[in-house]
Amino acid sequence: MGAIFRREFKSFFTNPIGYVVLAVMFCASGLFFFMYNMAGGMSSLSYLYSNLFTIVLLIIPFLTMRLFSEEKRQKTDQALLTAPTGLTGIVLGKFFAALLLFVLSLSITLVYALVIAMKVTPDWMVLAGNFVGLLLVGGLVIAIGLMISSLTESQVIAALGTLAVSVILMSVDMLSSIFASITWLADAINFLSINNRHSNFTVGLIEYDNIIFFLSLQALFIFITVRVLDSKRWK
């Protein structure tokens, strides 16, 4: 896994995608920080993180689109699948490489927190909740992107597919109002609502069940990716 991780992380900076992701996240967060905190005089970074939520949904599909699609396009996927490293190690190596780049892109918000702390004392629990919540959502989208990328050699399809699946999952709570008359179904939808669980983080509620929920979904998509690769190995 370590070799795959190092290779993938390095590859983000041998082509423009790594620099583009960092540039977009840094520029967007800088713009929101200036608008809401510097010009607006707000001491909370909640508005910055809420706007970054949308940016994350849009930018991560471009981060993950090449993870397996590029291997398939260049016909190097068979060499990868027959490597001594197990399939789980390959998938996790690629996942953690993309996740580390995302963490680096998100870390600029901690610098803004330190800037605010020089003037006022921020609510550190709300700050931590927003950071952890966005990190968990980003990890979920990366896991989704990894799975979609393993299904196609087209990077465009992989990016659009990741965006579509992510948006659908983020919008599932809208169905609760439609099925409000069916109590058990509405409760199930609310339980699976990513937005409802993420909103708890935005007010500083870092609850173990919500963390486990996001990590479980990430593990599910990683497991599906491994199974997809395993089926290709024997073809």
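The coordinates are above.
Below is a summary of the structure that appears in this document. Just so it is clear, the structure is predicted and the values come from calculations on it, not from any experiment.

Structural notes on the overall build of the chain
Then, in step 1: Helices and strands together make up the secondary structure of the chain, namely 13 helices and 0 strands.
Then, in step 2: Moving toward the C terminus, one meets the helices and strands of the chain in the order α-α-α-α-α-α-α-α-α-α-α-α-α.
Then, in step 3: Over its C-alpha trace the chain gives a radius of gyration of 19 Å, about what one expects of a compact globule, namely 18 Å for 235 residues.
Then, in step 4: In terms of overall dimensions, the chain has C-alpha extents of about 60 × 50 × 30 Å along its principal axes.
Then, in step 5: Classification of the 235 residues of the chain by burial places 46% in the buried group.
Then, in step 6: Taken as a whole, the chain presents about 11400 Å² of accessible surface, with 72% of it coming from carbon and sulfur.
Then, in step 7: Across the chain, 14 positive and 11 negative side-chain charges occur, with their mean positions spaced 12 Å apart.

Regarding the packing of helix α3 (residues 46-64) against helix α6 (residues 87-106)
Pairs of packed helices are described in terms of their axes, by the angle between the two and the distance that separates them.
Then, in step 1: The N-to-C vectors of α3 and α6 enclose an angle of 145°; their axes lie 12 Å apart at closest approach. Pair α3 / α6 crosses with right-handed handedness. Across from Y49, L52, V56, I60 and L63 in α3, the residues of α6 making contact are A98, L101, F102 and L106.
Then, in step 2: Its residues placed into classes, the contact of α3 with α6 shows 9 nonpolar, no polar and no charged.

Regarding the packing of aromatic side chains
Then, in step 1: For the structure on display, the rule yields 8 aromatic pairs.
Then, in step 2: Seen in terms of ring centroids, F13 and Y19 are 5.3 Å apart; in terms of plane orientation they differ by 80°. Their pairing is edge-to-face.
Then, in step 3: Here the aromatic cluster, defined as three or more aromatic residues joined through ring pairs, consists of F5, F9, F13 and Y19.
Then, in step 4: Note that R197 overlies the ring of F213, its terminal NZ or CZ placed 4.2 Å from the centroid.

Quick notes on the side chain of S149
Then, in step 1: Relative to the helices and strands, S149 is located in helix α8 (residues 124-149).
Then, in step 2: Residue class for S149 comes out buried when judged on its relative accessible area of 0%.
Then, in step 3: Contact partners of S149, with chain neighbours within four places excluded, come to T64, M65, R66, L67, F68, S69, K72 and A158.

With respect to helix α1 (residues 2-11)
Then, in step 1: Residues of α1 that are buried: I4, E8 and S11. Taken down its axis, α1 places every buried residue within 60° of arc, on the same side. Across from the buried face of α1, at angles greater than 90 degrees, the exposed residues are R6 and K10.

Concerning α6
Then, in step 1: Compared with an ideal rise of 1.5 Å per residue, which puts 20 residues at 28 Å, α6 spans 29 Å between its outermost C-alpha atoms and is within 8% of the ideal.
Then, in step 2: With 14 of its 20 residues buried, α6 lies for the most part within the structure.

Looking at the environment of I189
Then, in step 1: With respect to the helices and strands, I189 occurs in helix α11 (residues 183-192).
Then, in step 2: On the basis of relative accessible area, I189 is assigned to the buried category, the value being 9%.
Then, in step 3: In this structure, the C-alpha to C-alpha distance between I189 and M174, residues 15 residues apart in sequence, is 8.8 Å.

Remarks on the pattern of salt bridges
Then, in step 1: Under the criterion given, the structure shown has 4 salt bridges.
Then, in step 2: A salt bridge links R66 to E8; the nearest nitrogen and oxygen atoms lie 3.7 Å apart. Here R66, found in the loop between α3 and α4 (69-73), pairs with E8, found in helix α1; they are 58 residues apart in sequence, far enough to count as distant.
Then, in step 3: Overall, the relative accessible area of 2% leaves E8 in the buried class.
Then, in step 4: Beyond isolated ion pairs, a larger network of salt bridges with shared partners links R7, E8, R66 and K94.

Let's talk about the nonpolar core
Then, in step 1: If you look at the biggest cluster of nonpolar residues, it comprises 62 residues, and the most contacted ones within it are F12, M25, L45, L52, F102, L106 and F214.
Then, in step 2: Broken down by secondary-structure element, the contributors of at least two residues to this core are α2 (16-39), α3, α6, α7 (108-117), α8, α9 (155-170), α12 (194-202) and α13 (208-233).
Then, in step 3: Broken down by element, the residue count for this core peaks at 13 residues, all from α8.
Then, in step 4: Aside from chain neighbours lying at most four places away, what touches M25 is L52, I55, V56, I59, F102, S105 and L106.

Definitions and limits used
- Residues numbered from 1 in each chain as written.
- Predicted model: local features only at pLDDT ≥ 70, side-chain atom pairs only at ≥ 80, totals over all residues.
- Heavy atoms only, no water.
- Helix = DSSP H or I, 4+ residues; strand = E, 2+ residues; numbered from the N terminus.
- Rg over C-alpha atoms; globule rule 2.2 N^0.38 Å.
- Buried < 20%, exposed > 50% of the residue type's maximum accessible area, 1.4 Å probe, protein only.
- Areas by Shrake-Rupley, 256 points an atom, 1.4 Å probe, with all protein chains shown as cover.
- Lys, Arg positive; Asp, Glu negative; His and termini not counted.
- Charge placed at Lys NZ, Arg CZ, Asp CG, Glu CD.
- Axes fitted to C-alpha atoms, helices over the stretch in contact; angles between N-to-C directions.
- Left-handed = near helix turned anticlockwise from the far one by under 90°.
- Contact = heavy atoms within 4.5 Å.
- Nonpolar A, V, L, I, M, F, W, Y, C, P; charged D, E, K, R; others polar.
- Phe/Tyr/Trp six-rings, centres within 6.5 Å; stacked < 30°, edge-to-face > 60°.
- Lys NZ or Arg CZ within 6 Å of the ring centre and 35° of its normal.
- Arc of directions from axis to C-beta.
- Expected span 1.5 Å × (residues − 1).
- Salt bridge = Lys/Arg side-chain N within 4 Å of Asp/Glu carboxyl O.
- Core = buried A, V, L, I, M, F, W, Y, C linked by side-chain atoms within 4.5 Å.

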